[in-house]
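So you can see what is in the structure, the chains are spelled out below.
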Amino acid sequence: MLELSDVTRIFFRHTANEKVALDRLSLTLAEGDFVTVIGSNGAGKSTLLNVVAGEQRPESGAVVIDGRDVTRLPAHKVARYVGRVFQDPMAGTVPHGTIEQNLAIAWARGRRRGLRPAVTKAKRAVFREELARLELGLEDRMRTDVGLLSGGQRQALSLLMAAFSGPRILLLDEHTAALDPARADLVIRLTHELVERHGLTTLMVTHNMHQALSMGNRLIMMHEGRIVHELGGEDKARATVEDLLHQFERIKAVTDRTLLS
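Cut-offs applied
- Residues numbered from 1 in each chain as written.
- Predicted model: local features only at pLDDT ≥ 70, side-chain atom pairs only at ≥ 80, totals over all residues.
- Heavy atoms only, no water.
- Helix = DSSP H or I, 4+ residues; strand = E, 2+ residues; numbered from the N terminus.
- Rg over C-alpha atoms; globule rule 2.2 N^0.38 Å.
- Buried < 20%, exposed > 50% of the residue type's maximum accessible area, 1.4 Å probe, protein only.
- Contact = heavy atoms within 4.5 Å.
- Areas by Shrake-Rupley, 256 points an atom, 1.4 Å probe, with all protein chains shown as cover.
- Lys, Arg positive; Asp, Glu negative; His and termini not counted.
- Charge placed at Lys NZ, Arg CZ, Asp CG, Glu CD.
- Axes fitted to C-alpha atoms, helices over the stretch in contact; angles between N-to-C directions.
- Parallel < 35°, antiparallel > 145°, perpendicular 65-115°, else oblique.
- Left-handed = near helix turned anticlockwise from the far one by under 90°.
- Nonpolar A, V, L, I, M, F, W, Y, C, P; charged D, E, K, R; others polar.
- Pairing = 2+ DSSP bridges.
- 1 Å grid on protein atoms, 1.4 Å probe; cavity = no way out; pocket = protein on both sides within 12 Å on 5 of 7 lines; lining within 4 Å.
- Points joined across faces, edges and corners; volume = space filled by probe spheres on them.

Undergrad: Help me out: how do you make sense of the overall build of the protein in this one?
TA: What the protein contains, in helices and strands, is nine helices and 10 strands. For the protein, the C-alpha radius of gyration of 19 Å lies close to 18 Å, the compact-globule estimate for 261 residues. Taking the principal axes of its C-alpha atoms as reference, the protein extends roughly 65 × 40 × 35 Å. Evaluated residue by residue, the protein yields a buried proportion of 48% over its 261 residues. When contacts within the protein are restricted to residue pairs at least 6 apart in sequence, those whose partners lie at least 24 apart make up 68%. Carbon and sulfur atoms make up 51% of the accessible area of the protein, which amounts to about 13000 Å² in all. Averaging the locations of the 35 positively and 32 negatively charged side chains of the protein gives two centres separated by 8 Å.

Right under this line is the structure:
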């Protein structure tokens with residue numbers, strides 16, 4: 001479904017500020033996998049998502065989605081395979097567009113376009129049905145500008161839009177980090193429901209270790225552009241936040257000793 005092979009991404013190459021963001025990283029997700037990604041700031045988590053989404057091109061390695069090499073495709077072509085929700089509730093939507101206009105944009109992603117109305121009666125009925133599943137009353141506000149929604153409502157809409165076009169991969173980039181606890185819980189519940197209902201293969205970056213352990217069937221820990229620890233199955237089910245913190249401190253200590261030697 002998703003395969004990254006020996007992917008390297010370097011910023012400010014051949015300068016004094018050169019930074020290896022991804023270091024020969026390899027990762028494979030089978031269809032239906034839900035992988036949570038944790039790691040310190042600068043570990044390469046968001047760069048990983050940017051490379052999968054086609055927003056950044058690696059210096060070497062390959063990204064394959066559903067059997068197709070998308071490494072060199074522009075982001076707008078990769079978008080037919082990938083849905084994404086960002087940390088900022090203001091990102092991923094058009095604030096001055098209405099709810100139904102934003103949904104129409106998401107609906108058109110990856111489909112053939114022509115000279116026809118963006119929002120038809122049939123589409124509006126589908127939009128209303130999908131919005132009703134969120135249980136936020138947005139189905140009765142479809143002509144409201146998205147910029148007038150609360151952060152939680154807007155993030156819930158972004159999540160729905162990301163899943164709307166049936167992407168092969170769903171990318172969640174700390175999508176609850178900017179929300180208060182109640183709204184974060186709402187978005188996490190909706191994430192569970194949408195991923196399960198659509199059978200989405202998902203890669204989710206989070207700093208919340210409780211989320212990382214409670215969601216998905218696999219967990220990876222990144223450090224300095226590499227995957228340094230992975231949990232799945234019963235090992236993930238038994239793991240605690242304290243276990244993850246201990247593992248991270250151990251890896252960081254080994255790295256520090258290497259640098260000082």
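From this point, the narrative continues.
Undergrad: Explain the packing of helix α5 (residues 151–164) against helix α6 (residues 181–198) here, please?
TA: Two quantities define a packed helix pair, namely the angle between the helix axes and the distance between the axes. It is the contact of α5 with α6, at a shortest axis distance of 10 Å, that shows an interaxial angle of 15°. For the element pair α5 / α6, the angle class is roughly parallel. Note that α5 runs across α6; the crossing there is right-handed. Residue-level contacts link Gly152, Gln155, Ala156, Leu159, Leu160 and Ala163 of α5 to Arg183, Val187, Leu190, Thr191, Leu194 and His198 of α6. Residue composition of the contact of α5 with α6, by class: seven nonpolar, four polar and one charged.

Undergrad: Sorry if this is basic, but what is going on with the sheet that holds strand β3 (residues 34–39) here?
TA: What links the strands of a sheet is backbone hydrogen bonding, and the strands pair in either a parallel or an antiparallel sense. Ordered by their spatial adjacency, six strands build an open sheet running β6-β7-β8-β3-β9-β10, and the pairing between neighbours is mixed. In this open sheet, the two edge strands, each paired with only one partner strand, are β6 (82–85) and β10 (226–232). Taking the axes of each pair of neighbouring strands and ignoring which way they run, one obtains an average angle of 20° across the sheet. Sheet strands in contact with helix α1 (residues 45–52) are β3, β6, β7 (169–173), β8 (201–205) and β9 (218–223), and its direction is about 150° off that of β7. Contacts from α5 reach β6 and β7, with the element oriented near 175° to β6.

Undergrad: I would appreciate a short explanation of the layout of surface pockets in the present structure.
TA: One simple way to see leftover space: roll a probe sized like a water molecule over the atoms. Here the largest pocket defines a volume of roughly 370 Å³. If you trace the largest pocket, you find 18 residues lining it, with Ala79, Val82, Arg84, Phe86 and Arg109 closest to the centre. Residue assignment for the lining of the largest pocket shows that the elements contributing at least two residues are α2 (75–78), β6, α3 (99–108) and α5. A class-by-class count of the residues in the lining of the largest pocket yields nine nonpolar, six polar and three charged.

Undergrad: Quick question: what am I supposed to make of the environment of Gly83 here?
TA: Positionally, Gly83 belongs in strand β6. Judged by relative accessible area, Gly83 falls into the buried class, the value being 0%. Note: C-alpha distance between Gly83 and Ser158 (75 residues apart in sequence) is 9.7 Å. Filtering out sequence-adjacent residues up to four positions away, Gly83 remains in contact with Ala162, Pro167, Ile169, Leu170 and Leu171.

Any functional reading would require information beyond the geometric quantities listed.
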